[in-house]
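Below are the chains, spelled out letter by letter.
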Amino acid sequence: MENNIKHVEIEFGYGKSFFDEGKMHKAMDSFLKVIEIAPDHPKANLYLGKIHAKRKEHDEAIRFFRASSLDEAILAEALCLEKKEDYFTSLSRYNQLVKSETTEKDIAAEAHYHIGVYYDEGLGPVLKDPNKAIECYQQSKTALAYYNMAQLYEEMDDTNKAIEAYKKAGELGEGDAYYNLGIYFDNKKMKKEALETYRKGAEECNHVDCAYAYAVSLDDEGDGEQARQFYEIAAKQGYDDAQYNLAVIEESSKNYREAKKYYELAAAQGHVQALYNIGVAYDEGSCGYPQNYNKAFLYYNRAANLGSADAYFNMGVLFQEGQGVDVDFKLAVDALKKAHDLGHPRALLQIGSIMYGS
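Residues numbered from 1 in each chain as written. Predicted model: local features only at pLDDT ≥ 70, side-chain atom pairs only at ≥ 80, totals over all residues. Heavy atoms only, no water.

## Thoughts on the overall build of the protein chain
From N to C terminus, the protein chain includes 21 helices and zero strands. Reported as C-alpha extents along the three principal axes, the dimensions of the protein chain are approximately 95 × 50 × 40 Å. Here the protein chain holds 358 residues, and 45% of them are scored as buried. Restricting the contact set of the protein chain to residue pairs at least 6 apart, pairs at least 24 apart contribute 40%. Once the 41 positive and 59 negative side-chain charges of the protein chain are each reduced to a mean point, those two points are 2 Å apart. (Helix = DSSP H or I, 4+ residues; strand = E, 2+ residues; numbered from the N terminus. Buried < 20%, exposed > 50% of the residue type's maximum accessible area, 1.4 Å probe, protein only. Contact = heavy atoms within 4.5 Å. Lys, Arg positive; Asp, Glu negative; His and termini not counted. Charge placed at Lys NZ, Arg CZ, Asp CG, Glu CD.)

Structural data, given as structure tokens:
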């Protein structure tokens, strides 16, 4: 018997290690070996349920969750039932957790949050009731609960309570709350408050939109060096506008290697101005790019297809001059007409220089 207990715990330890490493097949093998010896092992059943839930095999997941006696398993079962749109049974599980005096505090908070969502959205057997949703969110006190509460207060036009709820959500790590609050302050022309809110979202939550908004504000105030730091936070998370702005800063500092890197990262995501600027760099032989009219035309064409008037204009000039393409006045005029349609101020004059040879 003692050997069996030791074997179970060793095998469970293997399974947990495999699970943490993302090796789900091996983890499942270990957990199944555990329940062959100890069918009611609460943690092994919990993790088998989690594996099936990750695979969206909800019926199997629920079966294992029900074989576990843990509060976490009841919560996980409720979430699976929601995925199956069995809202009645899911709600009963959440209520079971919040009514029990022995439920772990964090699990109860999550259950209160989900019950709040039921009242917030009017799911299943529950009628939509914002006030009851707020009551549940207040009992939850999680970041998402405060965030949802803030949005409900906004809908009720209770700005002061919305601001307080957003602040609490942000302090608990919900970056979207800081971002929404920053937008509110921006719209109210409360620049100091907006700047501080975006800074908190960027520094405390690593929130990409906050980092970008803070960087733009610093940039507008002429603090390019500090702006660069926050553009980098957003750029590393794939924010193409931040990558583009970093490229512009690096180009203006004559740091062409970094400028090229960020232009190309933004261009790879289809950033129209980055594509255009690379075209200009090839056109002029600037920013560390060799002069190459063929490549300039290709980048202008990509930017033009995304609606860049400047790119259409420059394509027209290339067709007119025969740089990187054969001279073709008809295609030049076509490109310039598109530039004009998109608002380019010199397109008609350029067309005139083709039509009248001046």
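Okay, back to it.
## What about the packing of aromatic side chains?
Applying the stated criterion across every chain, the model contains 18 aromatic pairs. With 6.0 Å between their ring centres and 65° between their planes, F12 and Y47 make a pair best called edge-to-face. You can see F12 sitting in helix 1 (residues 2-20) and its partner Y47 sitting in helix 3 (residues 42-54), a full 35 residues away along the chain. A relative accessible area of 11% means that Y47 is categorised as buried. Ring centres of Y244 and Y263 lie 6.0 Å apart, and the angle between their planes is 50°; this geometry places the pair in the tilted category. Of the two residues, Y244 sits in helix 15 (residues 240-252) while Y263 sits in helix 16 (residues 256-268), which places them 19 residues apart along the sequence. The structure contains a cluster of three or more aromatic residues connected by ring pairs, namely F12, F19, F31 and Y47. Stacked on the ring of Y47, the Lys or Arg K50 has its end atom at 4.6 Å from the ring centre. In this arrangement the basic side chain of K260 is found over the ring face of Y289, its NZ or CZ atom lying 4.8 Å from the centre. (Phe/Tyr/Trp six-rings, centres within 6.5 Å; stacked < 30°, edge-to-face > 60°. Lys NZ or Arg CZ within 6 Å of the ring centre and 35° of its normal.)

## Describing the packing of helix 20 (residues 329-341) against helix 21 (residues 347-355)
A pair of packed helices is captured by two measures, namely the crossing angle of their axes and the spacing between those axes. Two elements in contact, helix 20 and helix 21, have axes separated by 8 Å at closest approach and are oriented at 160°. The pairing of helix 20 with helix 21 is recorded here as roughly antiparallel in orientation. In this structure, helix 20 meets helix 21 at a crossing whose hand is left-handed. On the side of helix 20, the interface is formed by F329, A332, V333, L336, K337, A339 and H340, while helix 21 contributes A347, L348, Q350, I351, I354 and M355. (Axes fitted to C-alpha atoms, helices over the stretch in contact; angles between N-to-C directions. Parallel < 35°, antiparallel > 145°, perpendicular 65-115°, else oblique. Left-handed = near helix turned anticlockwise from the far one by under 90°.)

## Considerations on unusual backbone geometry
Of note, the phi angle at E85 is positive, near 60°, even though the residue is not glycine. Position of E85 among the secondary structure elements: in the loop between helix 5 (71-83) and helix 6 (87-99). Phi angles above zero are rare outside glycine, and C287 is one such case at about 55°. Here C287 is to be found in the loop between helix 17 (272-284) and helix 18 (293-305). Residue classification places C287 among the buried residues on the basis of a relative accessible area of 4%.

## What to know about the environment of E174
Relative to the elements of secondary structure, E174 occurs in the loop between helix 10 (159-171) and helix 11 (175-187). Sequence separation between E174 and Y146 is 28 residues, and the spatial gap between their C-alpha atoms is 9.1 Å. Non-local contacts of E174, meaning those with residues more than four positions away in its chain, are made with A143, L144, Y147, A169 and C205.

## Overview of the layout of surface pockets
Within this model, the largest pocket holds a volume of roughly 220 Å³. Of all the elements in the fold, those that place two or more residues in the lining of the largest pocket are helix 3, helix 4 (58-67) and helix 5. Top element by residues in the lining of the largest pocket is helix 5. It accounts for six residues. Looking at the lining of the largest pocket, its residues break down into six nonpolar, one polar and four charged. (1 Å grid on protein atoms, 1.4 Å probe; cavity = no way out; pocket = protein on both sides within 12 Å on 5 of 7 lines; lining within 4 Å. Points joined across faces, edges and corners; volume = space filled by probe spheres on them. Nonpolar A, V, L, I, M, F, W, Y, C, P; charged D, E, K, R; others polar.)

## A short note on the nonpolar core
Judged by nonpolar contacts, the single largest core of 91 residues is most densely connected at Y137, Y231, Y263 and Y300. In terms of residues, this core owes the most to one element, helix 13 (residues 208-220), which gives eight residues. With residues near it in sequence (within four places) discarded, Y300 still touches Y276, G279, V280, D283, A311, N314, M315 and L318. Ranked by size, the runner-up nonpolar core spans 22 residues in total, among them M28, L46, Y47 and A61. (Core = buried A, V, L, I, M, F, W, Y, C linked by side-chain atoms within 4.5 Å.)

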